[in-house]
Amino acid sequence: PALKTSDIGVGMGITGTDVAKSVSNIVLGDDNFSTIVVAVEEGRKIYTNIRKVIQFLLSSNLGEIITLFIATMLNWTILFPIHILWVNLVTDTFPALALGVEKAEADVMKQKPRNAQSGIFSDNVGVNIIYQGLLKGIITLAVYYIGLNIYNEAVAITMAFGTLGL
């Protein structure tokens with residue numbers, strides 16, 4: 001009953017009983033409690049990296065949406081479909097993969113445990129996504145507008161594409 005009602009029940013994989021293993025949330029394969037420390041550290045790293053990837057991808061895509069929506073409302077041809085495809089495939093994929101496999105911070109085990117009830121967008125992640133997406137969209141539109149007024153449409157599209165990609 002104690003294993004079942006605890007937040008995280010830990011059972012011994014080698015010397016533990018079958019009943020204890022079946023109700024445990026974690027079963028230690030090597031019966032070594034130091035494995036828990038390694039698992040907690042890895043879990044915190046994975047959770048942090050997932051949040052970084054979500055923040056990066058959602059803010060980037062929000063920036064694209066804002067850019068394309070406002071440009072459409074202003075009747076601007078700011079990007080061609082191949083540009084949008086390139087931004088989504090190349091400039092979003094590789095940075096997201098890099099963020100996903102990033103090493104853990106040095107103080108990851110010194111941090112207090114996070115509240116199990118807190119969502120993935122807690123601690124201003126949601127606010128940062130909106131802020132970064134708006135900023136990216138506005139900067140891209142401003143660069144396009146400057147390029148359109150100083151140079152020509154082809155240069156303005158190139159400048160907007162470069163800005164959105166970077």
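What you see is a predicted model, and the numbers here were worked out from it, not measured in a lab.

Engineer: Explain helix 7 (residues 153–165) to me, please; I cannot follow it from the model alone.
Structural biologist: Residue pairs spaced three or four apart in an α-helix point in one direction, given the helix's 3.6 residues per turn. Taking 1.5 Å of rise per residue, 13 residues should cover 18 Å, and helix 7 covers 18 Å from first to last C-alpha, within 8% of that figure. Within helix 7, the full set of buried residues consists of Ala-156, Ile-157, Ala-160 and Leu-164. Each buried residue of helix 7 sits inside an arc of 100 degrees when the element is viewed along its axis, so together they form one side. Facing away from the buried surface of helix 7 by more than 90 degrees, the exposed residues are Ala-154 and Thr-158. Buried residues along helix 7 sit in contact with helix 3 (34–73), helix 4 (81–91) and helix 6 (125–150). Where helix 7 starts, the residue carrying a side-chain oxygen 3.1 Å from the main-chain nitrogen of Ala-154 turns out to be Asn-152.

Engineer: How should the environment of Arg-44 be read in this particular structure?
Structural biologist: Its place among the elements puts Arg-44 in helix 3. Expressed as a C-alpha distance, the spacing of Arg-44 and Phe-69, which sit 25 residues apart in the sequence, is 37 Å. With residues near it in sequence (within four places) discarded, Arg-44 still touches Val-108, Met-109, Gln-111, Lys-112 and Pro-113.

Engineer: Can you help me understand the nonpolar core in this one?
Structural biologist: Among soluble globular proteins, nonpolar side chains are generally buried collectively. Ala-71, Ile-78, Leu-79, Leu-141, Tyr-144, Ala-156, Ile-157, Ala-160 and Leu-164 form the largest nonpolar core, which has nine residues in total. Mapped onto this core, the elements with two or more residues apiece are helix 6 and helix 7. Looking at which element gives the most residues to this core, the answer is helix 7, with four residues.

Engineer: What exactly am I supposed to notice about the side chain of Thr-140 here?
Structural biologist: Among the structural elements, Thr-140 can be located in helix 6. Under the relative-accessibility criterion, Thr-140 is labelled buried at 1%. When near neighbours in sequence (up to four residues on either side) are disregarded, Thr-140 contacts Thr-67, Ile-78, Ala-160, Thr-163 and Leu-164.

Parameters at a glance
Residues numbered from 1 in each chain as written. Predicted model: local features only at pLDDT ≥ 70, side-chain atom pairs only at ≥ 80, totals over all residues. Heavy atoms only, no water. Helix = DSSP H or I, 4+ residues; strand = E, 2+ residues; numbered from the N terminus. Expected span 1.5 Å × (residues − 1). Buried < 20%, exposed > 50% of the residue type's maximum accessible area, 1.4 Å probe, protein only. Arc of directions from axis to C-beta. Contact = heavy atoms within 4.5 Å. Polar contact = N/O pair within 3.5 Å; in protein donor to acceptor, adjacent residues only side chain to side chain. Core = buried A, V, L, I, M, F, W, Y, C linked by side-chain atoms within 4.5 Å.

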